[in-house]
Amino acid sequence: MGNHQRSRLAFIDALRGLAFVFMVLNHTAIYLLDGSFSPYRQELFYVTVTLAAPLFLFLSGFSIAISGRDQSGMPKTFEDYLTKGLFVIAIGYALTAVIAPDKPIFTGGILQTIGLGMIFLAPFVRYMKHRACRYALLALAVTLYVVFVYAHPTVIKWLQLSPLLMQMLFDGFPPWPWIGVIMFGLVLGSEWQMGPLRNRKLAAKIGAVAGVCLISYINLGYRTGTLTTFNFTRDFIINYHWLPRPVTILWILGALLVNFIAVYFLVEIMKWRLTWLRWFGRSALLLYVAHLLLISVIGKRIMEISLDSWWQFAAVNLLLLASLLLLVRAVAWWRGQTRRKIQIG
C-alpha cells in the first residue's frame, strides 16, 4: 500500500472519528441533559444530529468504494457485502432491544440503514469506475429524496394503517430517503479512487459545492424565515422522528462537505496526525455500541444522571470520550497480543 493510500485512509478514519464525537455530544444531550436550565437544548440536539448522522451514512458509502478488495487483494464479492451488511443490521436490532426494550424487536435505526445500504449497493460497486454509472446512481439518490418530499403526506396516511410497518421502516434514520446519502458517499468515494493528483482538483470542486450549498441554504432560509430555526419544527416528522426538508438538506450537504474538506486539508496537506480521531474512526462500530450503552443504559437508566449546567455537560463528555479512547487502546493492545501469540504458536 502506497503512502497516499495510507494518508487517505487516515483522513477518512479521522473524519469518521469526528462524526463519532458529534454523535456522542448528541446522545449525551438527548439522554442526560436537563433542558430546564437552558433554552438551547433543542438547538444542540438539532445541530449535532445534522452533523453526525449524515456524515456516518456518507462515510459508509465512501468506505464501500475505497475498500473494494479483501485482505488478500482480491475484489470483494456480493457475499462479502451481504455478510457484513447482515452483521451490522443484527447489531442494530440487538442494540435497539437493549436501549429501547419497549419498542418492537424489528424497529429500524441508523445501523440497520447502513447495513441495508451495504447490501443494496454491493452490485453497483464493480460498475462505479464508469462515469455514467456514477451519475446514474447520484441521480437516483436525488430522485429518491424528491419523490419522498412529494409523497410525504401519502406516506403518513399509509403508515397510519400499519403501526408495525411504521416502526420497521420509519424509525431512526429510515432507508428511504437516507440511503441516498450512502449513495452519494459511494459516488464520491469512487471518484476519489481515481488517484492523488486528481484528488487535489476534486477537493477544490467539493469545496466549491460546499460553498454553493451553504450560500443557497442562507438564501433559501432567509426567504422562508427558517435561517435561524435550528430545531425540528422546520422539517418533516414521521413516527416522532426527524427527516430533513430541502432547506435542511442544503445545510447538511454544506456542513458535511466542509467537514470533509477541512479534515482532508489537515491530514493530507498540513500532515496533522489527528491520532485520537483516527483511533475513534477505526473502531467506530464498537464505540457506537459502547457509548450508547454507557449513556442510555448506565448513565440514564441505572445512575439516573441529569445534567443541569453546561459545565457538567462538558465535563461528562470529556470523561466519556477519554474513557472510550482508553477502551479503543485496550482493545488494540489485546488484538496485538493475540496476533503475537498466534504467530509464536
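Before reading further, recall that the structure is shown in the block above.
Predicted model only: the values in this text are computed from it and were never measured.

Q: Please give an account of the overall build of the protein that cites residues and values.
A: Helix and strand content of the protein: 12 helices and two strands. Its helices and strands taken in sequence order, the protein reads α-α-α-α-α-α-α-α-β-β-α-α-α-α from the N to the C terminus. Scaling as 2.2 N^0.38, a compact globule of 345 residues should have a C-alpha radius of gyration of about 20 Å, and the protein matches this with 20 Å. Its C-alpha atoms put the protein at 55 × 50 × 40 Å along the principal axes.

Q: Please set out the packing of aromatic side chains residue by residue, giving values where relevant.
A: All told, the structure shown has 25 aromatic pairs when counted by the stated rule. An angle of 85° between the planes, with centres 5.9 Å apart, marks the rings of Phe58 and Phe260 as edge-to-face. Of this pair, Phe58 sits in helix H2 (residues 41-66) while Phe260 is found in helix H9 (residues 246-269), placing the two residues 202 residues apart along the sequence. When its relative accessible area of 0% is taken as the criterion, Phe58 is described as buried. Judged by relative accessible area, which is 0%, Phe260 ranks as buried. Between the aromatic rings of Tyr217 and Trp251, the centroid separation amounts to 5.8 Å while the plane-to-plane angle is 45°, which identifies the pairing as tilted. A residue pair is termed long-range when its members are at least 10 positions apart, and Tyr217 in helix H8 (residues 196-224) and Trp251 in helix H9 qualify at 34 residues. The same class applies to Tyr217 and to Trp251, which are both buried.

Q: Account for a nonpolar patch on the surface, naming residues and giving values.
A: A surface patch of nonpolar side chains, about 480 Å² in accessible area, is lined by Ile105, Phe106, Trp158, Met168 and Leu169. If you trace the backbone, Ile105 turns up in the loop between helix H3 (78-99) and helix H4 (110-125).

Q: Can you lay out the nonpolar core for me, pointing to particular residues and giving the numbers?
A: If you look at the biggest cluster of nonpolar residues, it comprises 98 residues, and the most contacted ones within it are Phe58, Ile110, Trp192 and Phe260. Sorting elements by how many residues they give to this core places H2 first, with 16 residues. In this view, Ile110 contacts Met23, Ala53, Phe56, Leu57, Phe173 and Tyr288; residues no more than four positions away in its chain are not counted.

Q: Let's hear about the packing of helix H7 (residues 175-192) against H9: which residues, and what values?
A: Packing of H7 against H9 brings their axes to within 13 Å, and their N-to-C directions diverge by 35°. The chirality of how H7 crosses H9 is right-handed. Residues Trp178, Phe184, Leu188 and Trp192 of H7 form the contact with H9, whose participating residues are Ile252, Leu253, Leu257, Phe260 and Tyr264. Considering only residue class, the contact of H7 with H9 consists of nine nonpolar, no polar and no charged.

The rules behind the values
- Residues numbered from 1 in each chain as written.
- Predicted model: local features only at pLDDT ≥ 70, side-chain atom pairs only at ≥ 80, totals over all residues.
- Heavy atoms only, no water.
- Helix = DSSP H or I, 4+ residues; strand = E, 2+ residues; numbered from the N terminus.
- Rg over C-alpha atoms; globule rule 2.2 N^0.38 Å.
- Phe/Tyr/Trp six-rings, centres within 6.5 Å; stacked < 30°, edge-to-face > 60°.
- Buried < 20%, exposed > 50% of the residue type's maximum accessible area, 1.4 Å probe, protein only.
- Patch = residues over 30% accessible without salt bridge, like charges linked within 9 Å, V, L, I, M, F, W, Y side chains within 5 Å.
- Areas by Shrake-Rupley, 256 points an atom, 1.4 Å probe, with all protein chains shown as cover.
- Salt bridge = Lys/Arg side-chain N within 4 Å of Asp/Glu carboxyl O.
- Core = buried A, V, L, I, M, F, W, Y, C linked by side-chain atoms within 4.5 Å.
- Contact = heavy atoms within 4.5 Å.
- Axes fitted to C-alpha atoms, helices over the stretch in contact; angles between N-to-C directions.
- Left-handed = near helix turned anticlockwise from the far one by under 90°.
- Nonpolar A, V, L, I, M, F, W, Y, C, P; charged D, E, K, R; others polar.

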